[in-house]
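Observations on the three-dimensional arrangement
These are the residues of each chain, in order.
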Amino acid sequence: MKFRPLHDRVLVKRIESDAKTKGGIIIPDTAQEKPMEGKVIAVGAGNRYEAGKLVPLDVKKNDRILFGKWSGTEVKVDGEDLIIMKESDILGIIE
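The structure reproduced in this document is the subject of the present report. Per chain, residues are indexed from 1 in the order of the written sequence. Restriction of local features to residues with pLDDT of at least 70 applies here, the model being predicted, together with a cutoff of 80 or more for giving and counting side-chain atom pairs; totals for whole chains, interfaces and linings are based on all residues. Based on all heavy atoms of the structure, the side-chain values leave hydrogens and waters out of the count.

1. Here we look at the side chain of S71
Just so we agree on the cut-off: Strands here are runs of E lasting at least two residues and helices are runs of H or I lasting at least four, both read from the DSSP assignment and numbered beginning at the N terminus. Remark: exposure states derive from per-residue accessible area (1.4 Å probe, protein chains only) relative to the maximum for the residue type, with buried under 20%, exposed over 50%, and partly exposed in between. Here a polar contact is recorded for every N or O atom pair within 3.5 Å, except that within protein the pair must consist of a potential hydrogen donor and a potential acceptor, and residues adjacent in sequence are included only if both atoms are side-chain atoms. Between two residues, a contact is recorded if the distance between any of their heavy atoms is within 4.5 Å.
In this fold, S71 is placed in the loop between strand 5 (64-67) and strand 6 (73-77). The class for S71 is buried, based on a relative accessible area of 14%. Within the structure, S71 has its side chain in polar contact with the backbone nitrogen of G68 (distance 3.2 Å). Once you skip the residues sitting within four places of it in the chain, S71 turns out to touch I83, M85 and D89.

2. Concerning a nonpolar patch on the surface
Put simply, the test is: Without a salt bridge and with relative accessible area above 30%, a residue can belong to a patch; like charges are then joined within 9 Å and nonpolar side chains (Val, Leu, Ile, Met, Phe, Trp, Tyr) within 5 Å. All accessibility values rest on the Shrake-Rupley procedure with a 1.4 Å probe; residue burial counts only the protein chains present in the view. Within this document, salt bridges are pairs made up of a side-chain nitrogen of Lys or Arg and a carboxyl oxygen of Asp or Glu, the two lying within 4 Å of each other.
Residues L66, L91 and I94 make up a contiguous nonpolar surface patch of about 270 Å² in total accessible area. Considering the arrangement of structural elements, one finds L66 in strand 5.

3. Comments concerning the pattern of salt bridges
Between side chains of opposite charge, pairing is possible as soon as their charged atoms come close. Within this structure, the stated rule accounts for six salt bridges. Among the salt bridges present, the one from D63 reaches K60, with a minimum N-O distance of 3.4 Å. Judged by relative accessible area, K60 falls into the exposed class, the value being 54%. A salt bridge links D81 to K76, with the nearest nitrogen and oxygen atoms 3.7 Å apart. When sorted by exposure, D81 lands in the same class as K76, which is exposed.

4. Some words on the nonpolar core
To be explicit about the condition: Within this scheme, the nonpolar core is defined by two criteria: the residues are buried Ala, Val, Leu, Ile, Met, Phe, Trp, Tyr or Cys, and they are joined through side-chain atoms within 4.5 Å.
Residues V10, V12, V40, L57, V59, I65, F67, I83, M85 and I90 constitute the largest nonpolar core, which totals 10 residues. Counting residues in hydrophobic clusters, the runner-up holds five residues, among them L11, A42, L82 and I84.

5. Quick word on the environment of K60
Within the secondary structure, K60 sits in the loop between strand 4 (54-55) and strand 5. Measuring from C-alpha to C-alpha, the distance between K60 and I93 comes to 9.9 Å, with 33 residues separating the pair along the chain. For K60, the contacting residues outside a window of four places in its chain are V40 and V43.

6. Observations concerning the sheet that holds strand 5
Let me state the cut-off plainly: For two strands to be treated as a pair, DSSP must find no fewer than two bridges joining them. Between N-to-C directions, angles span 0 to 180 degrees; the directions come from axes that are lines fitted to C-alpha atoms, helices contributing only their stretch in contact.
Taken in spatial order, the six strands make up an open sheet running 6-7-1-2-5-8, and their pairing is antiparallel. Across the chains shown, the open sheet's two edge strands, defined by having one partner strand only, are strand 6 and strand 8 (90-94). Each strand axis lies, on average, 45° off the axis of its neighbour in the sheet, ignoring direction. Note that strand 6 and strand 7 (residues 80-86) share five bridges and pair antiparallel. Residue pairing across strands places K76 opposite D81, the latter belonging to strand 7.

Right, dumping it as structure tokens:
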């Protein structure tokens, strides 16, 4: 299935964090927090503002981003857990 977000929405895949602390203690799944870092899979065309002018998004495909803990809506596309969120939910791009 191909999926393309509309307007100012972004499709993101979470980047999983390590399940082990620096000291070697393994953290069980039930105690782990959801990662707030992800990779942009697809982006919408952008927002339309005054007089129908299209303003493109700042993020692009394959950008590594940080987002809020409760941002977006979780969806399953091709059996993969992804998140759809607005560009305004993205806190920053990791360079």
